[in-house]
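An overview of the molecular structure
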Amino acid sequence: MKSENTFTPKSINVEKSDSTPTFRNGFLLKSRLKSFIQNANAWGVFVMGSTFVLMIASIYVMYVLQTDYDQFNRDRISTTFGLIFMIIATGLFIFKAGFFAYTLYRYFRYKAIASVSDEELPKCTVIVPAYNEGKQVYATLMSLADSDYPVEKLQLLSIDDGSKDDTWHWMQEAKKVLGDRVSICQQPKNMGKRHALYRGFNEGTGDVFVTVDSDSIVKKDTLRNLVSPFVTNENCGAVAGNIRVLNNKKALIPKMLDVSFVLSFEFVRSAESSLNSVLCTPGALAAYRRTAVFACLNDWINQTFMGQPSDIGEDRAMTNMILKQGYHVLFQRNAYAYTNVPEKYKGLYKMFIRWGRSNVRENIEMSKYVFTNFRKGNKAGTRLLFFSQATKIVMSYPFLLFMLYFVLTHPILFVSSTFMSILVLSTFPVIFYAKRYNFIESFWAYSYSVMYTFGLFWITPYAIATANRRGWLTRG
């Protein structure tokens, strides 16, 4: 929830999606390219340019060293260990290719639910936990209050989780402006986001709870779009919002993450939603049915891992517990929240470590029920989603060892083949983002893949090894 920058609602750069015009002539493309160069700093141009140079060079190197590649593959299958590895790798590749095709099919089956009428909208409690957020919490509350949602059906709760800065002051300023439309309170000390949300759940009176991070801004129609599935689907227990990056004009990492988020939410979660099984409702914007929350609230607040209280992954844990009850968990592509993300590498890897540890923990929990008769109807899709995530965790160490071996024995082959793989595999995110939003900005997908492959490859193995550790890591 912590961010060094503050933003007002005016700072939102809302991109169009389905209504974005296509590039029907070269003039529009040249105009976008000129705008990108003017807005990008020299470092950004260098990074993106270097990415393309390295990928193009890798194609040339692979062509020149084709004989070496062939010999390397022959050497691998000439040994028992190498043959076993090749069989496993080939099997996983076939599975991943098939899973991608299945995800693509499910994506095309997805359709966001349109907002229901004012009369049908349920009473909604929006909970905004805040810790050392400063003025940003004011902007968050203002954007929520400006929502196109019946005032008499909307309850805003904001909880200061023992902040050490002026967060409480800005919450009081919001209270002065909004009056009875918002309730604010302070935790006696910093107890963690999960405890702040727990207080909000217990004090909230709505039939639907919405959680919004205090470094996020929502669009005017976000709330009504987010909660409409609870009206149209009586089996809906939770809904994930569509998360975009708020500070994507501030630094290169946010630019890259914005492209990554679009793929993660608008492609992956759309497919998951068509299976009624979104695996994680994001803390930045999520909604939960009141009865579903209270059915697992005690287990959620008292959750432990290896004997230690769980103080991370509260969103994934709540989603898991609601899925376990047999509810549907959906995604609303038309419910946008814009959130701040880390702008530097240190903040980024700490965020990913936290997510990685939560992923390990909740996959273990999911394994305990996903193969049982946990809900009515077809459960094969949910189990397939779980298996895909589980294989990433199980195979992380074998592939890390193989990568290190490849680097030490054939460094040139490793680098060139890796960049070639990035060029091939990252082209889909580029096309997807370009179609949904912006053609030029879509190329940050390549740079993000390079950064993740060479700078963040260690996250999952490290998260597995340290899954029992506590701490938010990015809170300051």
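In the nomenclature of an unreviewed UniProt entry, the chain is known as Glycosyl transferase family 2 of Maribacter cobaltidurans. UniProt, in its Subcellular location (unreviewed entry) section for the chain, records the words "Cell membrane".

1. What to know about the overall build of the chain
In terms of helices and strands, the chain carries 18 helices and 10 strands. The principal-axis extent of the C-alpha atoms belonging to the chain is close to 75 × 55 × 45 Å. Expressed as a percentage of its 476 residues, the buried residues of the chain come to 53%. Within the chain, contacts between residues separated by at least 24 positions form 84% of all contacts whose residues are at least 6 apart in sequence. As displayed, the chain offers around 21,900 Å² of accessible surface, 60% of which is attributable to carbon and sulfur atoms. The chain carries 54 positive and 36 negative side-chain charges, and their two centres are separated by 4 Å.

2. Quick look at the pairing of strand β6 (residues 236–245)
When you tally the buried positions in β6, you get 10 out of 10 residues, the bulk of the element. As defined by bridge partners, β6 adjoins strand β10 (residues 328–339) across 8 bridges and the pair is classed as parallel. Residue pairing across strands places Ile243 opposite Ala337, the latter belonging to β10. Bridge count for β6 against strand β7 (residues 285–289) is 3 bridges, and the pairing is antiparallel. Looking at the pairing, Ala240 lines up with Ala286 of β7.

3. Re the packing of helix α9 (residues 252–274) against helix α16 (residues 427–436)
Relative placement of two packed helices is described by the angle separating their axes and the distance separating the axes. It is the contact of α9 with α16, at a shortest axis distance of 10 Å, that shows an interaxial angle of 85°. Looking at the two axes, α9 sits roughly perpendicular to α16. Of the residues in α16, those in contact with Asp258, Val259, Val262, Leu263, Glu266 and Phe267 of α9 are Phe428, Pro429, Phe432, Tyr433 and Arg436. When grouped by side-chain class, the residues that make up the contact of α9 with α16 number 8 nonpolar, no polar and 3 charged.

4. As for the sheet that holds β10
Here we have 8 strands laid out as an open sheet, ordered β3-β2-β1-β4-β7-β6-β10-β5, and mixed in their pairing. Either end of the sheet is taken by a strand with one partner, and the two such strands are β3 (182–186) and β5 (216–218). The sheet shows a mean angle of 30° between the axes of neighbouring strands, taken without regard to direction.

5. Points about the nonpolar core
By size, the foremost hydrophobic cluster in this structure holds 112 residues, and its most contacted members are Val126, Phe201, Val210, Leu257, Leu285 and Trp300. Looking at this core, the element that brings in the most residues is α9, giving 9 residues. Ranked by size, the runner-up nonpolar core spans 10 residues in total, among them Tyr69, Leu400, Met403 and Phe414.

6. Observations regarding the pattern of salt bridges
Think of it this way: side chains of opposite charge can pair up when their charged atoms draw near. Overall, the coordinates contain 11 salt bridges when judged by the stated rule. Of the charged contacts, one joins Lys220 and Asp146 as a salt bridge, the two residues approaching to 3.4 Å between their closest N and O atoms. Here the residue Lys220 occupies a position in the loop between β5 and α8 (222–232), and Asp146 occupies one in the loop between α5 (136–145) and β2 (154–160), the gap between them amounting to 74 residues. When its relative accessible area of 47% is taken as the criterion, Asp146 is described as partly exposed. A salt bridge links Asp311 to Arg470; its shortest N-O distance comes to 3.5 Å. Taken together, the residues Asp311 in the loop between β9 (308–309) and α11 (314–324) and Arg470 in the segment after α18 (459–465) connect sequence positions 159 residues apart. Overall, the relative accessible area of 42% leaves Arg470 in the partly exposed class.

7. Here we look at helix α15 (residues 411–425)
The terminal C-alpha atoms of α15, which comprises 15 residues, lie 21 Å apart, in line with the 21 Å expected from a rise of 1.5 Å per residue. Among all positions of α15, only Leu413, Phe414, Ser416, Ser417, Thr418, Phe419 and Ile422 are buried.

8. Quick look at the state of the cysteines
For the structure shown, the criterion picks out 0 disulfides. Cys124 supplies the cysteine sulfur nearest to Cys236, a cysteine that is in no disulfide, at a spacing of 13 Å. Cysteine Cys296 shares no disulfide, and the gap to the nearest cysteine sulfur, in Cys236, comes to 14 Å.

9. Quick look at the confidence of the model for the chain
Residues at a pLDDT of 70 or more form 91% of the chain, whose mean pLDDT is 91. Across residues 1–24, where pLDDT falls below 50, the model places 58 contacts with residues more than four positions away in sequence or in other chains.

10. Remarks on the side chain of Thr319
Positionally, Thr319 belongs in helix α11. Once you skip the residues sitting within four places of it in the chain, Thr319 turns out to touch Val278, Leu279, Cys280, Thr281 and Val329.

11. Describing the environment of Asn340
Turning to its location among the elements, Asn340 is positioned in the loop between β10 and α12 (345–367). Its relative accessible area of 9% is what places Asn340 among the buried residues. Taking the C-alpha atoms as reference points, Asn340 and Ser214, 126 residues apart in sequence, are found 9.5 Å from one another.

Definitions and limits used
Per chain, the residues get numbers from 1 upward, laid out in the order the sequence is written. The predicted origin of the model limits local features to residues at a pLDDT of at least 70 and limits the giving and counting of side-chain atom pairs to 80 or more, whereas totals for whole chains, interfaces and linings rest on all residues. Side-chain calculation: all heavy atoms of the structure are included, whereas hydrogens and water are not. UniProt positions are given in the numbering used here, feature names are shortened, and annotations may be inferred rather than shown by experiment. Numbering goes from the N terminus for both helices and strands, where a helix is a DSSP run of H or I of at least four residues and a strand is a run of E of at least two. Summary of the burial criterion: residues with accessible area below 20% of their type's maximum are buried, those above 50% are exposed, and those between are partly exposed, where the area comes from a 1.4 Å probe applied to protein chains only. In what follows, residue pairs with any heavy atoms lying within 4.5 Å of each other are defined as contacts. In this description, accessible areas are obtained by the Shrake-Rupley approach with a 1.4 Å probe, and a residue is regarded as covered only by the protein chains that are shown. Charge assignment: positive for Lys and Arg, negative for Asp and Glu; neither His nor the chain ends contribute. To locate a charge, take NZ of a lysine, CZ of an arginine, CG of an aspartate or CD of a glutamate. By definition, two strands form a pair when at least two bridges between them are found by DSSP. Axis angles are defined between N-to-C directions and span 0 to 180 degrees, where every axis is a line fitted to C-alpha atoms and, for a helix, only to the segment in contact. Angular relationships are summarised with four words: roughly parallel below 35 degrees, roughly antiparallel beyond 145, roughly perpendicular across 65 to 115, and oblique for the angles in between. For this classification, the nonpolar set comprises Ala, Val, Leu, Ile, Met, Phe, Trp, Tyr, Cys and Pro, the charged set comprises Asp, Glu, Lys and Arg, and every other residue, Gly included, is treated as polar. Throughout, nonpolar core names a set of buried Ala, Val, Leu, Ile, Met, Phe, Trp, Tyr and Cys residues whose side chains join them through atoms within 4.5 Å. In the sections that follow, a salt bridge refers to a side-chain nitrogen of Lys or Arg positioned within 4 Å of a carboxyl oxygen of Asp or Glu. In this scheme, a helix's expected span is set at 1.5 Å multiplied by one less than its residue total. The disulfide criterion used throughout: a pair of cysteine sulfur atoms within 2.5 Å. Across the chain, each position has a pLDDT score giving the predictor's confidence in that residue, from 0 to 100.

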